[in-house]
Amino acid sequence: MTTLAPDVTRHAPPLLNKKKSRSPFSAGNIARHVLLIFFVLIVLMPLYVLIVTSFKSGREIGVNGQWTLPETWTLASWQKAWTALGPSFLRTFQLAIPVALISSFVGAANGFVLSRWRFPGADVVFTLILFGMFIPYQAVMIPLREVVQFIGLPSGIPTLTFVHVIYGIPICTLIFRNYYATTVPVELIEAGRVDGAGLLRTFRSLILPISVPGFVVTIIWQFTSSWNDYLFAIFLSNTRNGPITIALNALAGAQSPDYAASMAGALITSLPTLLVYVLLGRWFIGGLMAGAVKS
Amino acid sequence: MLVYGLIGWTINLSMQDRHNARDSKGFVGLDNYTKLFTDDINDRFLHSLKNLLIFTAVFMIGTLVLGMIWALLLERGARAEGIFRTVYLFPMAVSFVASGVVWRWLMNPGQDDNSGGINAIFHGFGLDFLQNPWWTDPDWGMAAMAVPAIWQLAGYVMALFLAGFRGIPDELREAAAMDGATTYQLYRRVLFPQLTPTVLSAMIITGHMSMKMFDLIMSVSGAQWITEVPAVYVWQTLLTSDYAKAAAISVFLLIVVAIVVVPYLVNVNRAEKRSS
């Protein structure tokens, strides 16, 4: 098993394997929890600033008093941010949902083939796919624009969908390959073959139904990475037809930015990915954690 | 495979004499590369490389240290462990563009009575000597730029380490306890050596991320000389339609990533073969 890709197969045991401390009130244990809470406060600090600033009115915003609560709570900045970001907010869903679904599906098919079928040169192909996860965007983006123009994809969301699907295939393939290699018993495939099922049929009726944990991880991964991407977005689209990161940057990057509105905008931008993370994060963290265990 | 075709295209482009929107004026071999190192205005490329080096070092050490501390604190189970883990990991879900908005505010360079953000906290607690101009400092600005990046990814490194700890068989701990090892000795001699592969993965992951770092820098400082790294330089070069130069910088980045990652992947592959 490789050490890099999130491995979804073993998330349950290590997470549930909590060892209760013997003496909950020992000095060391209390110190440990105090430290843990201290770090929680540090990690949440930027979130606090985002929230309080976004509810302040214009005259309350200055370098002084960044940490104080607003004197009068107002939604004006939220309205302003939504006006600026609303259209791109909806567009980004049109980008991130298809990207997540398509690349997961292609990844599942690829992963299945790579885990079962030892064709000549499989090692080389596998290493190339692995390295695919590490290729910097910069190395492909200039010719990419020409390819996109050649195919005739309209600028904006369709182009970005295409690009993110292509770029997401390596990691999705890898996740599924690890998943199938460790969970699908050979007997299952053989039983299918005895019943006369071909590769395609085996995949459709035997493999897909048991792939749900793999799909959860790849869908979260692809959804967040295409939602959060900025480099491809700024390169292949613009504020009028691009995703939300561009709109947010336009809102926040002006010469004299409206801080309250940009903070409200940053919160709006982060909401979907945070929601996905909070709702499905349990499995995702498990996948990430277990992915590092070398077996 | 399309991606590899595109890389070939970029490599070809990086060897062309194509420095404006018009067609290439011919093949120039490695000229574009040598020019980056010897003939760039104000040594701009070398400057961005130096920045990248500082950023990578601070980012890598920061995430490793913080991730390790968190993992050590959580490793033997804590009350509400799930909550701590979720909080430490949540910044990962946020885009660099969104977090850049708030970090630009937190790393406000104003000091003393004009201080805001983190400097205001230092000022408020009487820790004035800790106040600093953050990313606007010409020498250390790049180190400050790594602070938000550490905030975002330390949780991920923690998850890797936690998984590493949980992957160590309990028998090892028991055996060490039997031999009368102190807690310090247990970690120093038994547990840490087992984590070497995890440290290596964490370094590879954070290292390759730092090569690509673009979103965060653009949204905190914009395209400024003080914080320019190669990834931002590529973008700036593209804005002037100097395609060949942008391609040359990109290929350089790719080569650096490949030099680090490929031996690692080959190693992982070999280890996998041995174990199966």
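In this text, all values refer to a predicted model and were calculated from it rather than measured experimentally. (Residues numbered from 1 in each chain as written. Chains lettered and ligands numbered in written order. Predicted model: local features only at pLDDT ≥ 70, side-chain atom pairs only at ≥ 80, totals over all residues. Heavy atoms only, no water.)

The helix and strand tally for chain A stands at twelve helices and zero strands. Listing each helix as α and each strand as β along chain A from the N terminus yields α-α-α-α-α-α-α-α-α-α-α-α. Within chain A, buried positions represent 53% of all 295 residues. Contacts spanning at least 24 positions in sequence make up 76% of the contacts within chain A whose residues lie at least 6 apart. Total accessible area on chain A is roughly 13,200 Å²; 68% of this is exposed by carbon and sulfur atoms. (Helix = DSSP H or I, 4+ residues; strand = E, 2+ residues; numbered from the N terminus. Buried < 20%, exposed > 50% of the residue type's maximum accessible area, 1.4 Å probe, protein only. Contact = heavy atoms within 4.5 Å. Areas by Shrake-Rupley, 256 points an atom, 1.4 Å probe, with all protein chains shown as cover.)

Looking at where H208(B) falls in the secondary structure, it is placed in helix α10 (residues 196-212). Not counting residues within four places of it along the chain, the set of residues in contact with H208(B) comprises M133(A) and F134(A).

Turning our eyes to something else, we now look at the domain arrangement of chain A. Reports often express the size of an interface as the amount of accessible area lost when the parts come together. All names here are of chain A. The domain boundaries assigned to chain A delineate domain 1 (27-74) and domain 2 (82-290). The centre of domain 1, based on its C-alpha atoms, is set 33 Å off from the matching centre of domain 2. Facing eight residues of domain 1, the contacting portion of domain 2 comprises six residues. In total, about 540 Å² of surface goes out of reach between domain 1 and domain 2, with carbon and sulfur atoms giving 90% of it. Sorting the residues of domain 1 by area buried against domain 2 places L50, S54 and I61 first, and these three jointly supply 66% of that buried surface. If you look at where domain 1 meets domain 2, you find zero salt bridges. (Domains from an automatic or database assignment. Buried area = accessible area lost by both parts, 1.4 Å probe. Salt bridge = Lys/Arg side-chain N within 4 Å of Asp/Glu carboxyl O.)

Describing an aromatic ring pair means giving the distance of the ring centres and the angle of the ring planes. Under the counting rule described, the total for this entry stands at 31 aromatic pairs over all chains. Pairing F93(A) with W227(A) gives two aromatic rings, centres 4.9 Å apart and planes at 70°, and the pair type is edge-to-face. In this pair, F93(A) is assigned in helix α3 (residues 76-116) and W227(A) in helix α9 (residues 212-228), connecting sequence segments 134 residues apart. Looking at F93(A), the relative accessible area reads 26%, which means it is partly exposed. On the basis of relative accessibility, which here comes to 0%, the residue W227(A) falls in the buried class. Ring centres of Y187(B) and F192(B) lie 6.0 Å apart, and the angle between their planes is 50°; on these two criteria the pair is classed as tilted. Among the aromatic residues, those joined into a ring-pair cluster are F38(A), F39(A), W70(B), F84(B) and Y88(B). (Phe/Tyr/Trp six-rings, centres within 6.5 Å; stacked < 30°, edge-to-face > 60°.)

The subject of this paragraph is the nonpolar core. Within the largest apolar cluster, 152 residues are counted, with the highest numbers of intra-cluster contacts made by F232(A) and Y88(B). With 17 residues, the top contributor of residues to this core is helix α7 (residues 141-166) of chain B. Beyond its immediate stretch of four places on either side in the chain, Y88(B) contacts L36(A), F39(A), V40(A), V43(A), W70(B), L74(B), G155(B) and M158(B). By size, the runner-up hydrophobic cluster in this structure holds ten residues, among which are A108(A), Y180(A), I189(A) and F203(A). (Core = buried A, V, L, I, M, F, W, Y, C linked by side-chain atoms within 4.5 Å.)

Now for the UniProt feature "transmembrane region" (unreviewed entry) in chain A. Residues and elements named next belong to chain A. The UniProt record marks residues 30-51, 95-113, 125-144, 156-176, 206-224 and 264-285 with the feature "transmembrane region" (unreviewed entry), using the residue numbering of this structure. Secondary structure within residues 125-144 divides into 75% helix and 0% strand; the distance between the first and last C-alpha atoms comes to 22 Å. Annotation note: span residues 206-224, helix share 79%, strand share 0%, distance between end C-alpha atoms 29 Å. (UniProt positions renumbered as here; feature names shortened; annotations may be inferred.)

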